[in-house]
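The residues making up each chain are set out below.
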Amino acid sequence: MGGCLSGDVNGGKQAIGGVQQRPTSSIPNNAAHNDAVDFFFRSRGQYPLFSQIELSLSALNLVDRDITSKSDPMAVMYLRKKDGKLEEIGRTEVILNDLNPKWIEKITVSFQFEAVQTLVFHVYDVDTKYHNVPVKTLKLQDQDFLGEATCVLSEIMTRPNRTVTLNLTGNFGAGVNRHLGILSVQAEETVASKTVVEINFRCVNLDNKDMFSKSDPFLRISRIVETSAAVPICRTEVVDNNLNPMWRPVCLTMQQFGSKETPLVIECFDFNTSGNHELIGKTEKSVAELERLCLQKEGANFVYPSFSHGNKVLKGQLLVDRFVEKVQYSFLDYISSGFELNFMVAVDFTASNGDPRTPSSLHYVDPSGRLNSYQKAIMEVGEVIQFYDSDKRFPAWGFGGRTSDGSVSHAFNLNGASYGDEVVGVEGIMEAYASALRNVALAGPTLFSNVVDKAANIASQSLSENSPKYFVLLIITDGVLTDMVGTVDALVRASDLPLSVLIVGVGNTDFKQMEILDADNGRRLESSTGRIATRDIVQFVPMKEIHSGHVSVVQALLEELPGQFLSYVRSRKINPIGAPAI
Amino acid sequence: MIFVDHHNHCITMTKTLEIDIRSAEGLKLNRKPVMKKTFAVVKIEEKSRNSNLDESRRSDPTWNYKTEMPINGDAKFIYIEVFYRTGCGHDKKIGEAKIPTNDFMGRYSPQGHFNFLSYRLRDKFGDKCGIVNVSIMVKSDSTTGACSSQAAETGLWRPRSETPSIDGYGGRIVTGVPIWCVAPTNYYSSCVP
């Protein structure tokens, strides 16, 4: 029975698919579609001819790699680039103990009409714990490979029901290609819509399917597509041992449910750690009908499909305690309405960079004009920030250097001026940097807390003004922090402000500390006084990842920014300027 | 709210806090996730308010309990405690969080601004037992005016010279000196109704 099962049961009981509303959660992984990146490219006249496609994946007859239970599969999708390298586009969630998974998390990809887009799918059996861990942080080399499939995106789009079935292949030694199962991929075009509904579901009088205790119910909501197949769109969490369960609110976008009249199938299952969840009952209701159930305080009886008697009507009922329809604006909606993005720059002047007079130093100014790591970072990153910051005036600071008065400062004006810290444009940053190199001696230790505090001060002052602003502090550093505690404290203090901190790492150090600050593993930063960061405001990008062609500057820098920005404005119910109040 | 203490000083320093105890997560009892009904309590000095009981029996309950409470301007901490209810109806404490008032009445928080804050809960042994999420907004009903209009007219109302205990936004401590201390005859003649 349950005794010798492996696998992360807690992970298997999590809710999937509904959009979370906590301020600390960011937009789910969606590498191919990023508002901020698209906007940047469009501004330069680069209008890619594409439409957004959502792929739903499912598999049959996967290989069983676990000894005492079944595999916990997850699928990863890649795009094969011209040089043969694979670029990861997205991942599904992990499903517990299932050799025939129907994944709920969709993978979004831009369908470019003129290009040949080769998609490569890898299916893994996840061995590590995945409860409350964002799927993108799972290290693939630690998991068991279950098989690979390849197809071309246009092939899927041209099929009548936009579905393709592929054989999974793989080499498991012995040179023999065993039958590893089938992967199905179904494509749908995403409809950009801003309507979101938040629903509180509850059930009463559910049938008991467990022998020694009560059922552990959860709901799965699917949408019926034209071909009358049902595509699952979300799943609630599991409530243990309860025949009258109440779940956390489910938040669905119109992209997920189609329209308010589209029929949805709502199934109630009893969770089993074996993966064979038993159906308790199901009902078919559209979003509009769910709204009616809420208003009229009525319940919908579940039915149980039976071969002999057709649908048997059960005593168990589905109730809607709360139904809220709201509009969810996108990052671009805010920016184009006049929300200002203001950038600030801080440059590392600590001695670990190396004596600027020696060619091996990260701060070496080559007389031949070749740019050093810092100059390259400032130029490339500056291009992006200059685009988003309308007045192009940036406060610019240095930290860890000994200024002309002989003392070490952890936030000195890069322009060397006593009257103000602003520079104009990327050229302004480059000039200030060059002059600072002449007048400031590299020292130490490496602390970010002073520049973070300065940025936080600026951000908090804007709170009392009327015009809405969001601030981004860009820190360019060679990466080894001396005072992790002080830096974490400063970041936690700033975590409730309209501020994001983008850290760019130059050089070849081990940037492990930066990855902790980035908090992508879901661990919220905790200060020394016991305060926990309200939201994740840090994003870290190592420059060498950008130069290896793995990811573009624009992509890397702006990846988390829309999510961090939206988590701030949505939690405070701030709308784009002039937009009607929700 | 204006108080006059035995030195006849006028002290105006209470504020009102709009507190929303939103939720908690990772609640643990003896290192195991809590599976009981839970509620939270906000404590400011001797006053406390209890939230509703979350009946979902989860280690990440949601309360969304909103309340308004007065706070003395020089209070240094407020406390949030989380309890569970036993089968017999007794309440037992899981842990508490100590919130420095500087975190919502400090440099980064103008009045009227909603502060979304999260804190580590610790049990009686000092071990970590979860996180509590709250939102706090400071409403002020303090005045910096004189105790009485007559005090203002005579110009004897003046602020105290020491630095105020509240950082940043108008919550100054003022000393009003009754006129009769300084010019008794004049006062009696003008004030007798």
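For every chain, the first residue of the written sequence is number 1, and numbering continues from 1 onward in sequence order. Both sets of labels track the order of writing: A upward for chains, 1 upward for ligands. With the structure being a predicted model, the display of local features is reserved for residues of pLDDT at least 70 and the display and counting of side-chain atom pairs for 80 or more, all residues being used for whole-chain, interface and lining totals. Excluded from the side-chain calculation are hydrogens and water; included are all heavy atoms of the structure.

Put simply, DSSP marks the helices as runs of H or I at least four residues long and the strands as runs of E at least two long, and each gets a number from the N terminus on. When its secondary structure is counted, chain A shows 14 helices and 27 strands. The buried label goes to any residue with under 20% of its type's maximum accessible area, the exposed label to any with over 50%, and the partly exposed label to all in between, with areas taken from a 1.4 Å probe on protein chains only. Counting the 582 residues in chain A, one finds 52% classified as buried. Any two residues whose heavy atoms approach within 4.5 Å are treated as being in contact. Sequence separation of 24 or more characterises 73% of the internal contacts of chain A that already satisfy a separation of 6 or more. Surface exposure of chain A reaches about 25700 Å², of which carbon and sulfur atoms provide 51%. Under the convention used here, a 1.4 Å probe and the Shrake-Rupley method define accessible areas, while residue burial counts only the protein chains that appear.

Before going further, it helps to examine the packing of aromatic side chains. All names here are of chain A. Only rings of Phe, Tyr and Trp enter the pairing, Trp through its six-membered ring, and a pair is recorded when the two centres are within 6.5 Å. The plane angle decides the type: under 30 degrees is stacked, over 60 is edge-to-face, the rest tilted. Here the structure, examined in full by the defined rule, presents 16 aromatic pairs over all chains. Three or more aromatic residues link up through ring pairs in this structure, and these residues are Tyr329, Phe331, Tyr334, Phe339, Tyr470, Phe565 and Tyr568. If you follow Arg235 out to its NZ or CZ, it ends over the ring of Phe218, 4.7 Å from the centre. Here, over-ring charges are defined by two tests on the NZ atom of lysine or the CZ atom of arginine: distance to the ring centre within 6 Å, and angle to the ring normal within 35 degrees.

So, on to the nonpolar core. All names here are of chain A. Within the largest apolar cluster, 49 residues are counted, with the highest numbers of intra-cluster contacts made by Leu341, Phe349, Tyr388, Leu414, Tyr433, Leu558 and Phe565. Setting aside residues up to four positions removed in sequence, Leu341 forms contacts with Phe331, Ile335, Tyr388, Asp389, Ser390, Tyr470 and Leu561. In these notes, a set of buried Ala, Val, Leu, Ile, Met, Phe, Trp, Tyr and Cys residues joined through side-chain atoms within 4.5 Å is what counts as a nonpolar core. One finds Ala411, Leu473, Leu481 and Val501 within the second-largest nonpolar core, a separate group that totals 34 residues.

A side chain with one charge can pair with a side chain of the opposite charge if their charged atoms come near. Salt bridges are defined as contacts in which a side-chain nitrogen from Lys or Arg sits within 4 Å of a carboxyl oxygen from Asp or Glu. For the structure on display, the rule yields 32 salt bridges over all chains. Of the charged contacts in the structure, one is a salt bridge between Lys85 of chain A and Asp83 of chain A, with a shortest N-O distance of 4.0 Å. Since its relative accessible area comes to 52%, Asp83 of chain A is described here as exposed. Two residues, Lys93 of chain B and Glu81 of chain B, come together in a salt bridge whose shortest N-O distance is 2.9 Å. In this pair, Lys93 of chain B sits in strand 10 (residues 91–100) while Glu81 of chain B sits in strand 9 (residues 77–85), placing the two residues 12 residues apart along the sequence. Residue Glu81 of chain B is classed as buried on the basis of its relative accessible area, which comes to 6%. One continuous salt-bridge network, built from bridges that share partners, spans Glu237 and Arg248 of chain A together with Arg58 and Asp60 of chain B.

This part covers the sheet that holds strand 3 (residues 86–91) of chain A. Residue and element names in this part refer to chain A. The strand order across the open sheet formed by 4 strands is 3-2-5-6, and the pairing between neighbours is antiparallel. The open sheet has two free edges, formed respectively by strand 3 and strand 6 (144–152), since each of these has just one partner strand. The sheet shows a mean angle of 25 degrees between the axes of neighbouring strands, direction not considered. Both strand 5 (residues 118–125) and strand 6 contribute to a ladder of 8 bridges, which runs antiparallel. From the neighbouring strand, Tyr124 faces strand 6, where its bridge partner is Phe145. Following DSSP output, two strands are said to pair if at least two bridges run between them. Axes, fitted as lines to C-alpha atoms, cover a helix only where it is in contact. Angles between the N-to-C directions of the axes lie from 0 to 180 degrees.

Taken together, the contact between chain A and chain B spans 24 residues of the former and 20 residues of the latter. Buried surface at the junction of chain A and chain B, summed over both partners, amounts to about 1900 Å²; 47% is from carbon and sulfur atoms. Broken down residue by residue, the surface that chain A buries against chain B is led by Arg248, Arg531 and Ile532 of chain A, which jointly contribute 24%. The interface formed by chain A and chain B includes 5 salt bridges. The partner of Lys128 of chain B in a salt bridge is Glu526 of chain A, with the nearest N and O atoms 3.8 Å apart. The definition of a polar contact used here is a pair of N or O atoms within 3.5 Å, where within protein one atom must be able to donate a hydrogen and the other to accept one, and adjacent residues in sequence count solely through side-chain atom pairs. Our count for the contact surface shared by chain A and chain B stands at 11 residue pairs in polar contact (both at pLDDT 80 or more). Secondary-structure elements contributing two or more residues to the side of chain A that touches chain B are helix 9 (449–461), strand 26 (531–532) and helix 14 (561–571) of chain A. Counting residues per element, the side of chain A that touches chain B draws most heavily on helix 9 of chain A, at 4 residues. In the scheme used here, Gly and all other residues not listed as nonpolar or charged are polar, with Ala, Val, Leu, Ile, Met, Phe, Trp, Tyr, Cys and Pro taken as nonpolar and Asp, Glu, Lys and Arg as charged. Of the residues that constitute the side of chain A that touches chain B, the class distribution is 9 nonpolar, 5 polar and 10 charged. Once two parts are joined, some of their accessible surface, as seen by a 1.4 Å probe, is lost; buried area is that loss totalled over both.

Let's shift gears to the state of the cysteines. The disulfide criterion used throughout: a pair of cysteine sulfur atoms within 2.5 Å. Scanning all chains against the criterion turns up 0 disulfides over all chains. Left unpaired, Cys234 of chain A is separated from the closest cysteine sulfur, that of Cys251 of chain A, by 9.9 Å.

Turning to the confidence of the model for chain B, a few remarks are in order. Counting all residues, the mean pLDDT for chain B is 75, and 66% of those residues have values of 70 or more. Interface confidence for the predicted complex, expressed as ipTM, amounts to 0.71; the pTM equals 0.72. Residue-level confidence of the predictor is summarised by pLDDT, bounded by 0 at the bottom and 100 at the top.

A word on the sheet that holds strand 23 (residues 441–442) of chain A. Residues and elements named next belong to chain A. Read across the sheet, 3 strands follow the order 20-19-23 without closing on themselves; strand pairing throughout is antiparallel. The open sheet has two edge strands, strand 20 (408–409) and strand 23, and neither has a second partner. As judged from the 2 bridges shared by strand 19 (residues 401–402) and strand 20, these two strands associate in the antiparallel manner. When the bridges of strand 20 are listed, Arg402 appears paired with Val408.

Turning our attention to unusual backbone geometry. Residues and elements named next belong to chain A. Residue Gly444 is joined to Pro445 through a cis peptide bond whose omega torsion reads -5 degrees. By the secondary structure assignment, Pro445 is in the loop between strand 23 and helix 9. You will see that Asn97, though not glycine, has its phi angle at about 50 degrees, which is positive. Topologically, Asn97 is positioned in the loop between strand 3 and strand 4 (107–112). A relative accessible area of 2% means that Asn97 is categorised as buried. Residues other than glycine seldom take positive phi values, yet Lys297 does so here, at roughly 50 degrees.

Take the environment of His113 of chain B next. Topologically, His113 of chain B is positioned in the loop between strand 10 and strand 11 (115–122). Exposure remark for His113 of chain B: the relative accessible area of 10% places this residue in the buried category. Along the primary structure His113 of chain B and Phe83 of chain B are separated by 30 residues, whereas in three dimensions their C-alpha atoms are 29 Å apart. The contact partners of His113 of chain B, leaving out residues within four places of it in the chain, are Leu463, Tyr568 and Arg572 of chain A together with Ile136 and Met137 of chain B.

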